[in-house]
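Working through the structure, step by step
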Amino acid sequence: MVKTPLLALGPIVFLVWGIWQLTPNDETLIRKHLTRLAATVSFPRHESALARLANINKLRDFFSPDAVLNLELEHHGPQRIEGRDGVVQTAATARQTLGQAQLRLHDITVSLGDGAQTANARMTLLGDIGGEKYVVAQELNVSLKKVERIWLINGIETVRTLQ
């Protein structure tokens, strides 16, 4: 008789464990979101016009409407980009002038705040811009907010390092 209740608990324990394993936590979701952003911003030298337009429009899915980017990149000086539309417009201009870009994010650390509705991520951006014309290595701070279970970037700032 003892075996029957234990056998009945087996599938329940397995189901709970499976749901727990298949449901990613917020930190994992944020890391995947940021990695997808880097892949979307990257583009090959000979990108078709249709692919360029599609990838530029995909950027809207990553940013909140009121996002603010304060970037200070080598060879470009400080830039402030405001709003989702500003991000898309800047990306379109960059794709036309740079020729190609391959960006990767490394050492992404995420800290959640405010009841898991906001988060901050710190990472290193490595990239090849313009076919080895510029090599980028920059630390970034990214602030995110959760909107209807989706993490959106609310701000990006470059971290000043000693030179």
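Residues numbered from 1 in each chain as written. Predicted model: local features only at pLDDT ≥ 70, side-chain atom pairs only at ≥ 80, totals over all residues. Heavy atoms only, no water.

**Overview of the overall build of the chain**
The line we're drawing: The way it works is that DSSP assigns letters per residue, a run of H or I at least four long becomes a helix, a run of E at least two long becomes a strand, and they are numbered from the N terminus. Burial classification: accessible surface area is computed with a 1.4 Å probe over protein chains only, and a residue below 20% of its type maximum counts as buried, one above 50% as exposed, and the rest as partly exposed. Contacts: residue pairs with any heavy atoms within 4.5 Å of one another.
Counting its secondary structure elements, the chain contains 4 helices and 6 strands. Reading the secondary structure of the chain in the N-to-C direction produces α-α-α-β-β-α-β-β-β-β. Within the chain, buried positions represent 32% of all 163 residues. Sequence-distant contacts, at least 24 apart, represent 53% of the contacts inside the chain between residues at least 6 apart.

**Concerning the pattern of salt bridges**
To be explicit about the condition: A carboxyl oxygen of Asp or Glu within 4 Å of a side-chain nitrogen of Lys or Arg is what we treat as a salt bridge.
This structure, assessed with the given rule, holds 7 salt bridges. Among the salt bridges present, the one from K146 reaches D26, with a minimum N-O distance of 3.1 Å. With a gap of 120 residues between them, K146 in strand β5 (residues 134-147) and D26 in helix α2 (residues 26-41) connect regions that are remote in the sequence. R80 serves as the salt-bridge partner of E82, at 2.7 Å between the closest nitrogen and oxygen. R80 carries the same exposure label as E82, and that label is exposed.

**Concerning the packing of helix α3 (residues 49-58) against helix α4 (residues 83-98)**
Under the convention used in this document: Axis lines are fitted through C-alpha atoms, for helices just across the contact stretch, and the angle between N-to-C directions can take any value from 0 to 180 degrees. Any angle from 65 to 115 degrees is called roughly perpendicular, while one under 35 is roughly parallel, one over 145 is roughly antiparallel, and all others are oblique. Note on convention: near helix rotated counterclockwise from far helix by under a right angle means a left-handed crossing. Clockwise means right-handed.
Across the interface, α3 lies against α4 with an axial gap of 9 Å and an inter-helix angle of 150°. Our classification of the angle between α3 and α4 gives roughly antiparallel. The chirality of how α3 crosses α4 is right-handed. Judged by residue contacts, R52, N55 and I56 of α3 engage V88, A92 and R95 from α4.

**Section: the pairing of strand β3 (residues 101-113)**
We apply this condition: DSSP bridges decide pairing: two strands pair if at least two such bridges lie between them.
Sheet analysis places β3 next to strand β4 (residues 118-129), joined by 11 bridges and oriented antiparallel. Looking across to β4, one finds that L112 is bridged to A119.

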